[in-house]
Amino acid sequence: MAAPRPGPEASSPGGLPVAVDAMGGDNAPGEIVAGARRAAEELGIPVVLVGPPDQMGDTGGLEVLPASEVIAMDDDPGSSVRRKKDSSLVRAAEAVRDGKALAMVSAGNTGAAMASALLRMGRLKGVVRPAIATPIPQLGSHPAVLLDAGANAECTPAMLVQFAQMGAAYASARYGVEAPTVALLSIGEEKSKGTPLVKETHALLEDAEHVRFVGNVEGRDLLRSPADVLVTDGFTGNVALKTLEGSLRFFMDALLEVFASDEEAKAAAEVMLPRLAPLAAEFDPDGIGGAALLGVDGVCVISHGSSNATAVVSAVRVAHDVAAAGLVDRVARSVAPA
Amino acid sequence: MPAETHVEKGPLGRPEVFELIRDQLADILEIEPGSISESSSFAEDLDADSLALIELVEGLEEELGERTVGFRIEDEDLEDLRTVRDAVDYVVAKLGTA
């Protein structure tokens, strides 16, 4: 672990902007446009907003790529991408495909974002199925990369090996880790533990190319990961991720309740809360910057549906940084035969 | 032949439709074309998920749209296509009526 994250740059490769789906998410377009403006102003990253110009409000002079349709959060992913060809999500993916944008960011319908990226940018040669890589915060180190976080509910061992390879490429691009380590999520450290999928994957990972496999980890290790990359199938990964999010939120709420319980606790809160704030910020999803779809021929960062302006700023920064670090080429090389 | 239909590359017979579907599926699923037969089930034999099928549909529309204007696979018909044979039958029928 360790190693610094590559810092955001003041300019984009080729001067290309990051395409932001202005209509994606529960707080669109207001918070999304506000975040895009902040990203441009605070980070110096060029941004193009994608969506219906008459619905975006004040864009602060940002470039706008018109798109007349919107894919709703509850639209069917596959059919909506086919049906709504002039949607903000589809147009954002096309901007990347056509070389008009460096990367795309959306806080909208996750499945549709994935379908848009897959169908418009295309799959990288050799990739069986794209996977969603999401950062898991760690104390005193860069986050670990968990994948798949929900793109593929059912997986084969060969798919999980590719997730390991792609996840390692992502850890390198995003966190500057030179030789990322990989662990497999299971119900015990022993290779004999787990489902047939886990046991077969363990055997394959021991001999896999481009993978520094360190063995199995359990769910309790997620926040103290011994590896840079945590591999699992999309069903398990999504359950693990949502369990973590819910647990952390519950813990924070419970802590605040205790601090508000009587006068002595309130006095203690005045001392403790400022000290806890940086810790809370480290685990705040808004600051983490979204999940990346790996295995497509372009950079696609998917932010959570309730993203606010700060989350959009983080997602734009991540999209820019990993694109500038050559994420797509790294992933392509990671799955190529040696 | 309907007015909106034209053929640029010559008509496709059933064997050519099967080859087209097989080759596109092999590319999408990263498997050998020889492992795909008409009786292959998308879900059970080929592990093709819904997005893989949509990739196939878009690929077929792009390829066949160059031959037959207006060729389209309707989303509501997708759930009826469970095997490669179903897809071949569907495309052959569509090409005959597109």
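> So what about the overall build of chain A? Which residues, and what values?
Helix and strand counts for chain A stand at 11 helices and 11 strands. Taken over the C-alpha atoms alone, chain A extends approximately 65 × 60 × 35 Å along its principal axes. For chain A, the residues scored as buried account for 51% of the 338 residues in total. Across chain A, the fraction of contacts at a sequence separation of at least 24, relative to all contacts at a separation of at least 6, is 72%.

> If you had to explain the packing of helix H1 (residues 14-29) of chain B against helix H2 (residues 50-65) of chain B to someone new, which residues and values would you point to?
Residue and element names in this part refer to chain B. The geometry of H1 relative to H2 is characterised by a closest axis approach of 10 Å and an angle of 135° between their N-to-C directions. In terms of their interaxial angle, H1 and H2 are classed as oblique. Helix-helix and strand crossings are classified by hand; for H1 and H2 the assignment is right-handed. Listed contacts from H2 to Leu20, Ile21, Gln24, Leu25, Ile28 and Leu29 of H1 are Ala52, Glu55, Leu56, Gly59, Leu60 and Glu63. When its residues are assigned to classes, the contact of H1 with H2 shows eight nonpolar, two polar and two charged.

> Explain helix H3 (residues 88-97) of chain A to me, and be specific about the residues and the numbers.
Residues and elements named next belong to chain A. The buried fraction of H3 is high, at nine of 10 residues. If you check which residues of H3 are buried, you get Ser88, Leu89, Val90, Arg91, Ala92, Ala93, Glu94, Ala95 and Val96. Check the buried side of H3 and you find it contacts strand E1 (18-21), strand E2 (47-51), strand E3 (63-66), helix H2 (77-83), strand E4 (103-106) and helix H4 (110-121). Gly99 sits one or two residues past H3 and shows a positive phi near 75°.

What counts and how
Residues numbered from 1 in each chain as written. Chains lettered and ligands numbered in written order. Predicted model: local features only at pLDDT ≥ 70, side-chain atom pairs only at ≥ 80, totals over all residues. Helix = DSSP H or I, 4+ residues; strand = E, 2+ residues; numbered from the N terminus. Buried ≥ 20, exposed ≤ 12 C-beta atoms within 10 Å, placed from the backbone. Contact = placed C-beta atoms within 7 Å. Axes fitted to C-alpha atoms, helices over the stretch in contact; angles between N-to-C directions. Parallel < 35°, antiparallel > 145°, perpendicular 65-115°, else oblique. Left-handed = near helix turned anticlockwise from the far one by under 90°. Nonpolar A, V, L, I, M, F, W, Y, C, P; charged D, E, K, R; others polar.

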